[in-house]
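Geometric and topological summary
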2 protein chains.
Amino acid sequence: MARKQSALDPQRLDNQICFAVYSAAHAFNRVYKPLLDQLGLTYPQYLVMLVLWERDDVPLKDIGEKLFLDSGTLTPLLKRLEAAHLVKRTRSSEDERQVLIALTSQGHALKEKARAVPQSILAASDCSVSELVAMKDEIVALRDRLNAVIGE
Amino acid sequence: MARKQSALDPQRLDNQICFAVYSAAHAFNRVYKPLLDQLGLTYPQYLVMLVLWERDDVPLKDIGEKLFLDSGTLTPLLKRLEAAHLVKRTRSSEDERQVLIALTSQGHALKEKARAVPQSILAASDCSVSELVAMKDEIVALRDRLNAVIGE
DNA sequence: TCACATTTAATTGTTCGCAATTGAATAGGC
DNA sequence: GCCTATTCAATTGCGAACAATTAAATGTGA
């Protein structure tokens with residue numbers, strides 16, 4: 001039974017959860033794009049803004065830990081957000097190694113304009129909130145198990 | 001009840017399924033990295049090889065449709081695979097617009113070396129196969145709904 | 001046949017994402 | 001205090017990812 005075998009073949013593209021996650025991430029990105037264009041943000045920039053809207057004046061390192069990104073990604077990204085007058089970067093006076101990221105008034109104001117984004121995404125998902133929450137929790141749990149393996 | 005409110009706030013990072021998917025994709029990538037380094041492949045290159053191991057001598061366009069990638073991504077990627085002697089790119093004689101991608105003998109041979117990869121990923125997932133299959137199917141269904149919205 | 005639209009890859013420019021390195025600031029042991 | 005290790009951000013280089021454009025081949029309708 002060739003069909004049954006291919007349905008179990010772990011080397012088949014369609015059987016790989018990783019490709020499912022990878023392609024879903026790209027699909028989300030394409031849905032977000034037109035929404036975020038109106039805000040003048042890319043998706044990773046939007047993630048940084050979400051972090052800052054929750055807590056302002058945060059070290060770069062903390063943003064990196066929340067988003068699983070390092071300074072090689074964040075430094076140029078934050079410079080672009082600064083060039084767009086959404087954040088300010090200042091060295092901490094207590095610890096000169098740290099760079100603190102603070103919202104500007106424009107950065108604060110953008111939160112209101114961004115309020116409609118999650119609703120649009122929910123609509124595009126065509127799925128109940130409870131289903132999405134359940135999926136999200138499963139995916140987060142899987143991600144955390146994977147990250148635990150890396151940390152070894 | 002501040003806690004309950006934040007647990008429902010759709011503008012909070014932790015409540016966004018998209019971030020769950022995005023960060024899980026990166027976590028997978030980090031688990032794959034050391035495995036694929038041994039094969040001399042990046043993850044997107046590995047995906048292309050998976051497609052070719054299923055069916056050889058495929059137009060670039062077909063690879064793009066399977067992986068949801070366009071020529072802007074695939075053309076340079078395939079040139080790198082060609083430089084690594086894993087594939088050959090030739091113009092179709094029936095339709096000169098198309099570029100056909102064929103495995104070299106080295107490209108074929110790599111399939112055997114790659115056989116251990118899915119098992120390592122499964123182990124890192126620390127999860128039963130049936131659970132992973134169920135999650136995969138849910139994520140694929142979500143992805144397809146998102147892609148349907150984009151196509152409108 | 002000829003004009004026009006469509007399809008397909010390639011190219012250009014911008015932004016991520018990360019490994020590896022560098023350099024400055026801080027912490028800890030002596 | 002002094003030497004060393006650690007921490008943190010920035011930098012460099014490479015490989016995606018994608019929008020927008022270009023160019024060539026093919027298809028289609030008058």
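These numbers were taken from a predicted model, which means no experiment stands behind them.

Side note on the packing of helix 3 (residues 43–54) of chain B against helix 5 (residues 71–83) of chain B
Residue and element names in this part refer to chain B. Two elements in contact, helix 3 and helix 5, have axes separated by 11 Å at closest approach and are oriented at 80°. As summarised for this structure, helix 3 and helix 5 are arranged roughly perpendicular, according to the angle between their axes. Of the residues in helix 5, those touching helix 3 at P44, Q45, V48 and M49 are L74, L77, L78, R80 and L81. For the contact of helix 3 with helix 5, the per-class residue count stands at 7 nonpolar, 1 polar and 1 charged.

Comments concerning the protein's contact with DNA strand C
Neighbouring residues of DNA strand C: 28 residues in total, closest A:T42, A:R80, B:Y22, B:K61 and B:K79. Among the atoms of DNA strand C close to the protein, meaning within 4 Å, 79% are from sugar or phosphate groups. Contact between DNA strand C and B:Y22: a phosphate oxygen at 2.4 Å from a side-chain N or O atom of the residue. Sorting the residues of the surface near DNA strand C by element identifies helix 3 (43–54) and helix 5 (71–83) of chain A together with helix 2 (17–37), helix 4 (60–67), helix 5 and strand 2 (87–91) of chain B as the ones contributing at least two each. Grouping the constituent residues of the surface near DNA strand C by class yields 8 nonpolar, 9 polar and 11 charged.

Examining the side chain of B:S92
All names here are of chain B. For S92, the location among the structural elements is in the loop between strand 2 and strand 3 (99–103). Residue class for S92 comes out buried when judged on its relative accessible area of 4%. In this structure the side chain of S92 is engaged in a polar contact, spanning 3.3 Å, whose partner is the backbone nitrogen of E94. For S92, the side chain forms a polar contact with the main-chain nitrogen of D95, separated by 3.2 Å. Excluding residues that lie within four positions of it along the chain, S92 makes contacts with Q98 and L100.

Some thoughts on the protein's contact with DNA strand D
Surveying the vicinity of DNA strand D reveals 27 residues, the closest of which are A:Y22, A:K61, A:K79, B:T42 and B:Q45. Near-protein atoms of DNA strand D (within 4 Å) split between backbone and bases, with sugar and phosphate holding 78%. One of the side-chain nitrogen or oxygen atoms of A:Y22 is found 2.5 Å away from a phosphate oxygen of DNA strand D. Between DNA strand D and A:R30, the relevant distance is 2.8 Å, taken from a phosphate oxygen to a side-chain nitrogen or oxygen of the residue.

Examining the sheet that holds strand 2 of chain B
Residue and element names in this part refer to chain B. An order of 1-3-2 is seen for the 3 strands of this open sheet, with the pairing classed as antiparallel. Edge positions in the sheet fall to strand 1 (58–59) and strand 2, since each has one partner strand and no second. Inspection of the sheet shows strand 1 paired to strand 3 by 2 bridges, in the antiparallel sense. Bridging across to strand 3, P59 finds its partner in L100. Helix-sheet contacts for helix 3 involve strand 1, strand 2 and strand 3, and the interaxial angle to strand 3 is about 85°.

Structural notes on the relation of the copies chain A and chain B
With an axial shift of 0.0 Å and an RMSD of 0.0 Å, the rotation relating chain A to chain B amounts to 180°. Such a combination of turn and shift is consistent with a two-fold rotation axis. Residues of chain A ranked by C-alpha distance from the rotation axis are headed by A:V21, positioned 3.1 Å from it. Both copies contact each other with a shared surface, as 100% of the interface residues of chain A are interface residues in chain B too.

A look at the environment of A:G151
All names here are of chain A. Within the element layout of this structure, G151 appears in the segment after helix 8 (129–150). Take G151: its relative accessible area is 66%, and that puts it in the exposed class. It is 34 Å that separates the C-alpha atoms of G151 and V117, two residues lying 34 residues apart in sequence.

Side note on helix 3 of chain B
The terminal C-alpha atoms of helix 3 of chain B lie 17 Å apart, and with 12 residues this matches the ideal 16 Å at 1.5 Å per residue to within 8%. Extensive coverage of helix 3 of chain B is indicated by the burial of 10 of its 12 residues.

Structural notes on the interface of chain A and chain B
Listed by partner, the interface residues are 54 residues for chain A and 54 residues for chain B. Of the roughly 5,500 Å² buried between chain A and chain B, counting both surfaces, carbon and sulfur atoms make up 70%. The interface formed by chain A and chain B contains 2 salt bridges. Between A:E54 and B:R12 there is a salt bridge, and its shortest N-O distance comes to 3.5 Å. Applying the counting criterion to the chain A and chain B interface returns 18 residue pairs in polar contact (both at pLDDT 80 or more). Looking at the side of chain A that touches chain B, the elements that each hand over two or more residues are helix 2 (17–37), helix 3, helix 4 (60–67), helix 7 (117–125) and helix 8 of chain A.

Cut-offs applied
Residues numbered from 1 in each chain as written. Chains lettered and ligands numbered in written order. Predicted model: local features only at pLDDT ≥ 70, side-chain atom pairs only at ≥ 80, totals over all residues. Heavy atoms only, no water. Axes fitted to C-alpha atoms, helices over the stretch in contact; angles between N-to-C directions. Helix = DSSP H or I, 4+ residues; strand = E, 2+ residues; numbered from the N terminus. Parallel < 35°, antiparallel > 145°, perpendicular 65-115°, else oblique. Contact = heavy atoms within 4.5 Å. Nonpolar A, V, L, I, M, F, W, Y, C, P; charged D, E, K, R; others polar. Near = heavy atom within 4 Å. Polar contact = N/O pair within 3.5 Å; in protein donor to acceptor, adjacent residues only side chain to side chain. Buried < 20%, exposed > 50% of the residue type's maximum accessible area, 1.4 Å probe, protein only. Pairing = 2+ DSSP bridges. Least-squares fit on C-alpha atoms with pLDDT ≥ 70 in both. Expected span 1.5 Å × (residues − 1). Buried area = accessible area lost by both parts, 1.4 Å probe. Salt bridge = Lys/Arg side-chain N within 4 Å of Asp/Glu carboxyl O.

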